[in-house]
Structure formats: structure tokens, C-alpha cells
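Descriptive structure summary
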Amino acid sequence: MEGDIFVMDIIAVSGTAEEVITNGRDTITFETARGHEEYRYRNSRVIKSINGEGFITMMFDVVEWKINDKEEVVSLKVKTNGEFDETLIIKK
């Protein structure tokens with residue numbers, strides 16, 4: 001269920017984003033009206049923050065977090081120890 005919540009959240013945020021920024025490794029940031037909404041992979045967890053504050057764990061037991069930053073899209077592969085194994089394509 002946490003995977004579903006994560007997907008719904010990141011799709012909603014990316015849909016309103018003016019800009020998408022990645023470091024190509026562990027962080028994807030969306031510039032929105034609320035500020036910089038960031039999803040970061042750390043210690044097998046996906047953590048969300050807004051403007052560097054209010055850290056919320058969105059997912060646990062993440063075994064794969066792979067960002068592929070291309071010219072027009074960002075591909076984000078997320079896999080957990082459980083049943084969640086998805087690749088999200090986010091338009092820039």
C-alpha cells in the first residue's frame with residue numbers, strides 16, 4: 001500500500017511541477033508552487049521533504065532506486081523487498 005501512496009503522490013507533484021531536477025543517483029526534486037518537493041533514497045527508504053523540511057518516509061525496504069535522466073523525461077525505477085516493482089516515466 002505504501003507503494004501506491006508513493007506513486008499517487010509523485011504523480012500529483014510531477015503534474016504540477018515547473019521543473020524537474022535530479023542528481024542522477026539518489027534524489028529527484030520538483031519545483032512547484034509549494035517550493036522544492038524532493039524525494040531522496042537513503043538507507044533503504046524513500047524520504048520526501050519540502051524546501052528541506054518536514055522529512056516524511058514514503059517507502060521502506062527499497063532495494064533498488066535508479067534514476068535515468070534523459071533530455072525530455074526522467075525514468076525512476078523503484079523496487080522493494082515486497083511486491084512493489086515499478087518504473088515511473090516523468091516528463092520534464
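Whatever comes next refers back to the structure up there.
An account of the accompanying structure is given in this report. Along every chain, residues carry numbers that run from 1 in the direction the sequence is written. Reporting of local features is limited, given that this is a predicted model, to residues whose pLDDT is at least 70; pairs of side-chain atoms are given and counted only at 80 or more, and all residues count toward the totals for whole chains, interfaces and linings. In computing side-chain properties, one takes all heavy atoms of the structure into account and sets aside hydrogens as well as water.

**A word on the sheet that holds strand E5 (residues 53-59)**
Heads up, the condition is: For two strands to be treated as a pair, DSSP must find at least two bridges joining them. Elements are defined by DSSP. Helices are runs of H or I of four residues or more, strands are runs of E of two residues or more, and each kind is numbered from the N terminus. Axis angles are defined between N-to-C directions and span 0 to 180 degrees, where every axis is a line fitted to C-alpha atoms and, for a helix, only to the segment in contact. The contact criterion used is simple: two residues touch if any of their non-hydrogen atoms lie within 4.5 Å.
Reading across the sheet, the five strands line up as E1-E2-E3-E4-E5 and stay open at both edges, with antiparallel pairing between neighbours. Only two strands of the sheet have a single partner each, and these edge strands are strand E1 (19-22) and E5. Sheet twist, expressed as the mean angle between neighbouring strand axes with direction ignored, is 20°. In this sheet, E5 lies alongside strand E4 (residues 45-50) in antiparallel orientation, the contact comprising four bridges. Pairing of isoleucine 47 across the sheet is with threonine 57, part of E5. Sheet strands touched by helix H1 (residues 2-16): strand E2 (27-32), strand E3 (35-42), E4 and E5. Its angle to E5, the strand with the most contacts, is close to 130°.

**Quick notes on the pairing of strand E6 (residues 62-69)**
Judged from the seven bridges that link them, E6 and strand E7 (residues 73-80) form a sheet pairing that is antiparallel. In the sheet register, aspartate 69 faces E7, and the bridge partner there is valine 74. From the end of E6 to the start of E7, which pair antiparallel, there are three residues.

**Things to note about the side chain of glutamate 38**
This is how it is decided: Pairs of N or O atoms within 3.5 Å make up the polar contacts considered here, provided that, within protein, one atom can donate a hydrogen while the other can accept it, and that residues adjacent in sequence are counted only when both atoms are side-chain atoms.
Relative to the helices and strands, glutamate 38 resides in strand E3. A polar side-chain atom of glutamate 38 sits 2.8 Å from a polar atom in the side chain of arginine 40. Those residues in contact with glutamate 38, other than ones at most four positions away along the chain, are Thr27, Ile28, Thr29, Ile47, Lys48 and Ser49.

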